[in-house]
Amino acid sequence: MSEEKKNSMGMSTRSIHAGEPHVKYADSLMTPIFQTSTFTFKDSKDIQEFTKDKKKRFEYGRYGNPTELIAQKRLADLEGAEDCVVFSSGMMAITTTILSLVRTGDHIVITDDSYKKTLEFCRSYLKRFGIECTIVPFGDYDALEGAIKENTRFIFSESPTNPYLNVFDLALLKKIADKHHVMTLIDSTIATPINQRPLEYGIDLVTHSATKYLSGHNDILAGAVLGREELIAPIRNLHKSMGGLIDPHCCYLLLRGIKTFPLRVRKQNESALEVARFLENHPDVQKVYYPFLESHQHYGIAREQMTGGGCVVTFEMKGDLESANRFLDSLEMIFIGPSFGGAESLITHPASVSYYDYTREERYELGIIDTLFRLAVGLEETEDIIADLEKGFEKARI
Ligand SMILES: *Cc1c(COP(=O)(O)O)cnc(C)c1O
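No experiment lies behind these values; they were computed from the predicted model shown. (Residues numbered from 1 in each chain as written. Predicted model: local features only at pLDDT ≥ 70, side-chain atom pairs only at ≥ 80, totals over all residues. Heavy atoms only, no water.)

Visitor: So what exactly am I meant to see when it comes to the overall build of the protein chain here?
Guide: Of the regular secondary structure elements, the protein chain holds 16 helices and 12 strands. In terms of principal-axis extent, the alpha carbons of the protein chain reach across some 80 × 50 × 35 Å. Buried residues in the protein chain amount to 55% of all 398 residues. For the protein chain, the exposed area adds up to about 18,100 Å²; of that, 52% sits on carbon and sulfur atoms. On the protein chain, the mean spot of the 46 positive side-chain charges and the mean spot of the 57 negative ones are 6 Å from each other. (Helix = DSSP H or I, 4+ residues; strand = E, 2+ residues; numbered from the N terminus. Buried < 20%, exposed > 50% of the residue type's maximum accessible area, 1.4 Å probe, protein only. Areas by Shrake-Rupley, 256 points an atom, 1.4 Å probe, with all protein chains shown as cover. Lys, Arg positive; Asp, Glu negative; His and termini not counted. Charge placed at Lys NZ, Arg CZ, Asp CG, Glu CD.)

Visitor: Is there a simple way to think about the environment of L205 in this case?
Guide: Topologically, L205 is positioned in strand β6 (residues 205-209). In the structure, L205 is positioned 85 residues away from Y290 in sequence and 25 Å away in space, judged by C-alpha atoms. When sequence neighbours within four positions are dropped, the list of residues in contact with L205 reads T97, L101, M183, T184, L185, I186, V225, L226, G227, L231, I232 and I235. (Contact = heavy atoms within 4.5 Å.)

Visitor: Looking at this structure, how should I read the site of the ligand?
Guide: Lining the immediate environment of the ligand, one finds 14 residues, of which G90, D187, S209, T211 and K212 sit closest. Between the ligand and D187 there is a distance of 2.7 Å, counted from a nitrogen atom to a side-chain nitrogen or oxygen. Here an oxygen atom of the ligand sits 2.7 Å away from a polar atom, N or O, in the side chain of K212. Its free accessible area being 380 Å², the ligand has 93% of it covered by the protein chains. The element best represented in the shell around the ligand is helix α5 (residues 90-101), accounting for three residues. Grouping the constituent residues of the shell around the ligand by class yields six nonpolar, five polar and three charged. (Near = heavy atom within 4 Å. Polar contact = N/O pair within 3.5 Å; in protein donor to acceptor, adjacent residues only side chain to side chain. Nonpolar A, V, L, I, M, F, W, Y, C, P; charged D, E, K, R; others polar.)

Now the structure itself:
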């Protein structure tokens, strides 16, 4: 099957076929795992040909591996990007991308509702190299525009965000960025290439933690950055120095996960919406945050910009810290743990995990109340997830 033919096919088809030849090494059906750190040259002529066109073959593991190349091509296809680099984690993708873009004296703008470690990297580590960072409140587009200076290199935001699933208006972001000639970066992890297409809004670079939905089985860490070829080339080059390579076997697991990714996300979209509705109608629940619920503050833009709400549902239970703990302790199927996008439903209690080092006052200021939960709806039957939650609420009430 030609690449052209594949490109006209649907997401599920491309998740299985894109980016690799139809007939593979030794007629293997599955993508071979090239478990090698180096590649050899037949003779001196072979070396000479390689130096003329380095893209033609592989040389050394840190500079590329065939399994990795297929993952990059497949992800680029799914996101509708010209090019992609795959990394050993989502954070490796974010930090390598940012480092490749900034120079001493530059300024960047990031929204406050970003991933904790991304914020820490921008706020603390970049500062050491003389890169200034302004953190603006998510959703305040005037503050965002006001923060842009002469030396602003890019605006970085997540959409949707964690844990409140706030949705960034990508068209508006692009408009503001164009007016001031700055680049735009979106961490689209929570949306996936199925639910949101930032590049189609003119966003310059998109990052994903492939640890989540793309690999989808809670068994590996991986990351990716996607965009135009000329923007990806310097990132790929820095990647070769930074060395945050994905291991070939891990890359195979990523490719295996990607095959069912559209199927999984569609099911999770449906299931999570049902769970969100159940929670919203539950007498023991105070508030639910889910972008596809009419009650969400960004429902309108979410509906315009996204084709599904994803698997993360955040909610506030009625009661206090003790009832929250009783609720957690009564869950029998849903695991207590971070992450999302995998087969297993997971729940986190941000007050005691992500914000354990904050005082109660500091947490409450950020809205992280004692009874806040972030549920990652897995692939179990929706009714079983709801039944487990119901049991938790009953026990919490005692
Ligand atoms: C998990 C996550 C990351 C970090 O990815 P890792 O694969 O854990 O390094 C970054 N951004 C978002 C939105 C995430 O959910």
